[in-house]
Amino acid sequence: MKFTFYNPTRVYFGIGEFERMGELAARMGNKCLLVIGQGSAERLGFLKRAEDMLADAGVNYAVFRGIEPNPHLETCVEAARMAIEQKCDFVLALGGGSVMDACKAIAVGFYDPDNLWDYINHGQEKVTPVKQALPIMVVPTLAATGSEMDPGAVITRWETREKCVIWSSALFPKISLIDPALTVSVPLDYTMDGVFDMAVHVMESYFNGDQEAVLQGRLIEGCLLTVFTEGKKLYSDPENVKLREKVQWPSSLALSGFFTAGRDGNSPVHQLEHVLSARWDISHGRGLALIMPRWMWYVLPTNPAPFANFARNVMQLSSKGNDLEDAQAGVRALCDWLDSVGLFLTLDDFKIPAGELDAAAADCLRLYDRGQGVIGGVKPLSLEDVHAIYLM
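What comes next concerns the included structure. Treat the numbers as computed from the prediction; the structure is a model and nothing was measured.

Calculation criteria
- Residues numbered from 1 in each chain as written.
- Predicted model: local features only at pLDDT ≥ 70, side-chain atom pairs only at ≥ 80, totals over all residues.
- Heavy atoms only, no water.
- Axes fitted to C-alpha atoms, helices over the stretch in contact; angles between N-to-C directions.
- Helix = DSSP H or I, 4+ residues; strand = E, 2+ residues; numbered from the N terminus.
- Parallel < 35°, antiparallel > 145°, perpendicular 65-115°, else oblique.
- Left-handed = near helix turned anticlockwise from the far one by under 90°.
- Contact = heavy atoms within 4.5 Å.
- Nonpolar A, V, L, I, M, F, W, Y, C, P; charged D, E, K, R; others polar.
- Core = buried A, V, L, I, M, F, W, Y, C linked by side-chain atoms within 4.5 Å.
- Buried < 20%, exposed > 50% of the residue type's maximum accessible area, 1.4 Å probe, protein only.
- Phe/Tyr/Trp six-rings, centres within 6.5 Å; stacked < 30°, edge-to-face > 60°.

Time to look at the packing of helix 7 (residues 214-236) against helix 11 (residues 304-313). When two helices pack together, their arrangement is given by the angle between their axes and by how far apart the axes lie. Between helix 7 and helix 11, the shortest axis-to-axis distance is 10 Å and the interhelical angle comes to 50 degrees. Regarding the angle of helix 7 to helix 11, the classification is oblique. Between helix 7 and helix 11 lies a crossing of right-handed hand. On helix 11, the residues touching Arg218, Glu221, Leu224, Leu225 and Phe228 of helix 7 are Asn309, Phe310 and Asn313. Looking at side-chain class alone, the contact of helix 7 with helix 11 contains four nonpolar, two polar and two charged residues.

So, in structure tokens, the structure goes:
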């Protein structure tokens, strides 16, 4: 086991912490590009409160509205040009994962808006390294993506329906102001999408990473047990701010590197999902719920042990004394959990035509095979494998 762990994000966490936004923003710079999504932050009064706090703290700002649920490259470029014109010296995200991801792209685009796509890994021969980016502050309004504590973002080039990742240590937020009270107003379906999204972030490493990294495995099991248990309670009581608090911190930690340093591993479920949400513009969390149990069922015969451990230690099933049978029971239990929170889904739920899945599979290999001809993971996936999982 060999790794470098680094996470410089300073986190302010707790119910009511939003009221510190102006004070903390004043530590970031003199003028921010305040970025929001497509209306909820404004409708719920969060934007007005943010503007008032910035003004009281003497921080100038320009507001950019309209970040999409799967943030578009084209929109990020437009926002970066606005930041340049307004002479902003930091970016402030007020929203969910899409807004936070967009701000990371905007921070890079500020220095090179014409070539922003070159910094995003879309299967090109050479990815342009990020050498500078505006400082970033985030205020999440959804527990889901973990973008508040990681150095990455997922951006969609809408023109070509390509959804790909930009990743650099320069993109760690400097400050994350995490107030679970801001998430109470999130609709129930989006809430549960977020709960499963945060779970899959660590499930990828749990199944595909180094199984000898035992402590990390135990940490991930604890995270998943918390997310599934508290998430199901939250489904029945979505206005309970204490339950919101209990899933907010696992969301933030999931991609911070704390659970997974030294375990590593590929992210095939995310790669399979990104193609679907790029082509059909579906919620990322829902797409993961569609893919994860089918991927598990398809690959678990290759190495049943981690899936059997998931069944016993996360889904809390009694062992049948056989890894393969335990692993299969674990997938069935996960499907039952998904069904209990409205997330057991099929292609028909998204109106995705099966006849277009061969092209989607080809996109997946083209964008994510890293020149190897397969998607990595516990079972490397060929074009035929990816297509078979989609058909499931």
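Here we come to the nonpolar core. Residues Phe196, Met203, Phe228, Trp295, Met296, Phe310 and Tyr390 are the most contacted members of the largest nonpolar core, which totals 103 residues. Counting residues per element, this core draws most heavily on helix 6 (residues 188-208), at 10 residues. Excluding residues within four positions of it along the chain, Met296 makes contact with Met203, Phe207, Phe307, Phe310, Val331 and Leu334. Core analysis: the next-biggest nonpolar cluster, separate from the first, contains 25 residues, Ala25, Leu34, Ala41 and Val139 among them.

Among the structural elements, Ser252 can be located in helix 8 (residues 241-254). Judged by its relative accessible area of 0%, Ser252 is buried. Ignoring any residue separated from it by four or fewer positions in sequence, one finds Ser252 in contact with Gly146, Glu148, Met149 and Ile178.

Given two aromatic rings, their pairing is described by the distance between the two centres and the angle made by the two planes. A complete count under the given rule lists 12 aromatic pairs for this structure. Geometrically, the ring pair formed by Phe18 and Phe46 is edge-to-face, given 6.3 Å between the ring centres and 75 degrees between the ring planes. Of this pair, Phe18 sits in the loop between strand 1 (10-13) and helix 1 (21-25) while Phe46 sits in helix 3 (residues 46-56), placing them 28 residues apart in sequence. Phe46 sits in the buried class, given a relative accessible area of 8%.

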